[in-house]
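Each chain, letter by letter, is given below.
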Number of protein chains: 2
Amino acid sequence: MEGKVTVRVSELLETAKGCMLREGVPEEEAEIIANSLVQADRRGVFSHGVVCLPRYAGLMRSGMMRTAESHEVTRRLGAVEVWDGKRSSGQVLGHRAMTRAMEMAKECGVGIVAVYHGNHFGAGAYYAILAQAQGMIGIAASTGSPTMAPWGGMDKCLGNNPVAVAVPARERGPVVLDMAQSVVAFGRVTNLKKQGIQEVPEGWCLDSRGKPTVKMDEVASVAPMAGYKGYGIAVMVDILSGILFGGATGARADDMQEGPGMIFAALNVEAFSDKDAFYGALDALVRQRRELLSHEGSKRVFADLPNRFLNR
Amino acid sequence: MEGKVTVRVSELLETAKGCMLREGVPEEEAEIIANSLVQADRRGVFSHGVVCLPRYAGLMRSGMMRTAESHEVTRRLGAVEVWDGKRSSGQVLGHRAMTRAMEMAKECGVGIVAVYHGNHFGAGAYYAILAQAQGMIGIAASTGSPTMAPWGGMDKCLGNNPVAVAVPARERGPVVLDMAQSVVAFGRVTNLKKQGIQEVPEGWCLDSRGKPTVKMDEVASVAPMAGYKGYGIAVMVDILSGILFGGATGARADDMQEGPGMIFAALNVEAFSDKDAFYGALDALVRQRRELLSHEGSKRVFADLPNRFLNR
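Residues numbered from 1 in each chain as written. Chains lettered and ligands numbered in written order. Predicted model: local features only at pLDDT ≥ 70, side-chain atom pairs only at ≥ 80, totals over all residues. Heavy atoms only, no water.

A few points about the overall build of chain A
Scanning chain A from terminus to terminus reveals 10 helices and 10 strands. Its C-alpha radius of gyration of 20 Å places chain A within 12% of the 20 Å reference for a compact globule of 312 residues. Dimensions of chain A, computed from the C-alpha atoms along their principal axes, are close to 55 × 55 × 45 Å. In chain A, the share of contacts with a sequence separation of at least 24, taken over all contacts with a separation of at least 6, comes to 62%. With an accessible surface of roughly 12,800 Å², chain A has 51% of that area assigned to carbon and sulfur atoms. One way to put it: in chain A the 35 positive side-chain charges average out to a point 3 Å from where the 34 negative ones average out. (Helix = DSSP H or I, 4+ residues; strand = E, 2+ residues; numbered from the N terminus. Rg over C-alpha atoms; globule rule 2.2 N^0.38 Å. Contact = heavy atoms within 4.5 Å. Areas by Shrake-Rupley, 256 points an atom, 1.4 Å probe, with all protein chains shown as cover. Lys, Arg positive; Asp, Glu negative; His and termini not counted. Charge placed at Lys NZ, Arg CZ, Asp CG, Glu CD.)

Some points on the pairing of strand E6 (residues 175-179) of chain A
Residue and element names in this part refer to chain A. Where burial is concerned, most of E6 is hidden: 5 out of the 5 residues are buried. Relative to E6, strand E5 (residues 163-167) runs antiparallel, the two sharing 5 bridges. Counted as the bridge partner of Val167 is Val175 from E6. (Buried < 20%, exposed > 50% of the residue type's maximum accessible area, 1.4 Å probe, protein only. Pairing = 2+ DSSP bridges.)

Things to note about the confidence of the model for chain A
Residue and element names in this part refer to chain A. For chain A, per-residue confidence averages 92 on the pLDDT scale, and 96% of positions sit at 70 or higher. Every residue in residues 305-312 scores below 50 in pLDDT, and together they form 35 contacts with partners more than four places removed in sequence or on other chains. The complex prediction reports pTM at 0.95, with the ipTM value standing at 0.94. (pLDDT = per-residue confidence, 0-100.)

Observations concerning the packing of helix H2 (residues 27-42) of chain A against helix H4 (residues 90-108) of chain A
Residue and element names in this part refer to chain A. Viewed as axis vectors pointing N to C, H2 and H4 meet at an angle of 95 degrees, and their least axial separation amounts to 9 Å. The angle between the axes of H2 and H4 places the two elements in the roughly perpendicular class. Packed against H2, whose contacting residues are Glu28, Glu29, Ile32, Ile33, Ser36 and Leu37, the element H4 presents Gln91, Val92, His95 and Arg96 at the interface. (Axes fitted to C-alpha atoms, helices over the stretch in contact; angles between N-to-C directions. Parallel < 35°, antiparallel > 145°, perpendicular 65-115°, else oblique.)

Quick look at the pattern of salt bridges
This structure, assessed with the given rule, holds 33 salt bridges over all chains. Between Arg100 of chain A and Glu103 of chain A there is a salt bridge, and its shortest N-O distance comes to 2.8 Å. Here Arg100 of chain A and its partner Glu103 of chain A are both found in helix H4, 3 residues apart, which amounts to about one turn of the helix. A residue is classified by how much of its surface remains accessible, and Arg100 of chain A, at 23% relative accessible area, is partly exposed. Look at Glu103 of chain A and you get partly exposed, because its relative accessible area is 43%. Arg61 of chain B serves as the salt-bridge partner of Glu23 of chain B, at 2.5 Å between the closest nitrogen and oxygen. Of the two residues, Glu23 of chain B sits in the loop between helix H1 (9-22) and helix H2 (27-42) while Arg61 of chain B sits in helix H3 (residues 53-61), which places them 38 residues apart along the sequence. With a relative accessible area of 23%, Glu23 of chain B lands in the partly exposed category. (Salt bridge = Lys/Arg side-chain N within 4 Å of Asp/Glu carboxyl O.)

A word on the relation of the copies chain B and chain A
Here chain B sits on chain A after a turn of 180 degrees about the axis and a move of 0.0 Å along it, with an RMSD of 0.0 Å. Given the turn and translation reported, the copies of this chain are related as if by a two-fold rotation axis. It is Ala226 of chain B whose C-alpha, among those of chain B, lies nearest the rotation axis, at 2.3 Å. A share of 100% of interface residues in chain B that are also interface residues in chain A marks the association as one of identical surfaces. (Least-squares fit on C-alpha atoms with pLDDT ≥ 70 in both.)

Quick notes on the interface of chain B and chain A
At the interface, 81 residues of chain B touch 81 residues of chain A. Taken together, both faces of the contact between chain B and chain A bury some 6,500 Å²; the carbon and sulfur share is 71%. The three residues of chain B that bury the most area against chain A are Lys229, Leu244 and Phe272 of chain B, which together make up 12% of that side's buried surface. As a salt-bridge pair, Asp238 of chain A and Arg289 of chain B come within 3.4 Å of each other at their nearest N and O atoms. Summed over the shared surface of chain B and chain A, the result is 12 residue pairs in polar contact (both at pLDDT 80 or more). A per-element tally of the side of chain B that touches chain A places helix H7 (residues 228-240) of chain B first, with 10 residues. Looking at side-chain class alone, the side of chain B that touches chain A contains 52 nonpolar, 15 polar and 14 charged residues. (Buried area = accessible area lost by both parts, 1.4 Å probe. Polar contact = N/O pair within 3.5 Å; in protein donor to acceptor, adjacent residues only side chain to side chain. Nonpolar A, V, L, I, M, F, W, Y, C, P; charged D, E, K, R; others polar.)

Describing unusual backbone geometry
For Arg87 of chain A, which is not a glycine, the phi torsion comes out positive at approximately 55 degrees. You can see Arg87 of chain A is positioned in the loop between strand E2 (80-84) and H4.

Comments concerning the sheet that holds strand E2 (residues 80-84) of chain B
All names here are of chain B. Reading across the sheet, the 7 strands line up as E1-E2-E3-E10-E4-E5-E6 and stay open at both edges, with mixed pairing between neighbours. Looking along the sheet, the strands with just one partner apiece sit at the ends: strand E1 (72-77) and strand E6 (175-179). For this sheet, the mean inter-axis angle between neighbouring strands, taken without regard to orientation, is 10 degrees.

Concerning the sheet that holds strand E1 (residues 72-77) of chain A
All names here are of chain A. Across the sheet, 7 strands lie side by side as E1-E2-E3-E10-E4-E5-E6; this open sheet has mixed pairing. Pairing within the sheet leaves two strands with one partner each, and these edge strands are E1 and E6. Averaged over all adjacent pairs, the angle separating strand axes in this sheet is 10 degrees, with direction ignored.

Topic: H7 of chain B
If you check H7 of chain B, its first and last C-alpha atoms are 18 Å apart, about what 13 residues at 1.5 Å a residue would give, namely 18 Å. Within H7 of chain B, 13 of the 13 residues are buried, which leaves the element mostly enclosed by the surrounding structure. (Expected span 1.5 Å × (residues − 1).)

In structure tokens:
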């Protein structure tokens, strides 16, 4: 179905929250989930917006996404905590984990919370942005179900492993990067397929033998961005946001009992720099980029890394 | 000049060390520099090997790379230290900074040392590998002199901002990723030019108007890997390994008084996981990748991310 509809943010929030409440999600959790999804929609990342609600409802009914469940701290040392997420909502875990990471960063300059038995956390930017709102740099990453083949291979065994970073700024909004390690999200290919489109753009996909293909029927996996470099980064995310603390990767991230590994880090700007000096330098960087000439054919220099563009 | 020559590692180390000693570098520092450069050569990353010696000697004579100079800790909180590197050798600073980061990671699970007034540190993998040798995950990054234009723009103002990560493993060597955020290092283009080659491969370079070019004469900058994604990562490295703590970026990273910003982080595996569980899971990941079928035309599945391939 084509066309667009404009909705009040407050109404969309209420609706999303209502959907979750009807699944038996406690009020506080429903609010976090709704905020995360609506923020993604507002940023134009519709794949991680309220469109996720039916899927989440299904996961909750099947017991793969638990509500009113508390995580358990299974390891703690200095600026690091490891949690058993017990397959709670990824949004709820992420919100709590980043909040805890920021507490540790106040004392230690940096705080890291790693969560195994996690869940789909929507757009990673949501957690990173939580941190920047408190004057910290936030980093969030997650392993995911397999959508990519290893470089040189043909078996789909690697998630596209999103990483999000948000940096607080004063003159303009935060500088936010939120990206998967594949050329495009697999969901974009699925969407084209649903629309009956038979060809995918060149460079997006590989067939079951690991060869590039543009034929929708042959698509077996999405290609890593930048080839071996993107594959290399995806492997490191598998390790840093999974293997390191017992979080599942690839096919196991989809497993009923496992769920993805997730990691949240906060860097306390004041531990690294005089606050005014930091904001001065950052604002100057953004300003400089904005003032640079854009080349013919480009709309402008991308100074603020618009998420609409990057989160795909 | 074509051709190859095989040299004993011990002899190359002695020669490199001797070159530095002759510049008045203290023995301990000369050894660190020699080790870093020879390790890069052994890993096939010749651009960061002993070929750097004449350049370093020049920097030392001009006062842009200082010897027998101690860094100063200008900020300290929990697991974070910021150093004024006073433009010492990048290798010496990097070695000391990663050593200190590991000390903090023993107590706090994570340790970060950020260095402003840094210097060219050669291959970032050297510092990351230092950490993995102690059972930690090492991360090293640096800002650099401008070689890339911002996405959508045409002015070269961004370093290719290398990031290296090394993860300890038991069955095989460490898993190491060391990569710049450009499609290729600018040095590779310069090398082709020296050989009299008039065309650069498609996708490598942009002209002064920010448009793709294959003509050597028109080359103004190298393209970011994966387009806007690589540009986004390069911006984040500018911030995390520079702006955050007063380190210089872009053109200022080349400035006589400034030098690049550098950051070194160590993650203590034992803070995140039972050691045996971690090594078991990591070795299984590498083994799984090795056992996957490679596609026709590929030599093999890249399980261990060979640096020869990645560090370019």
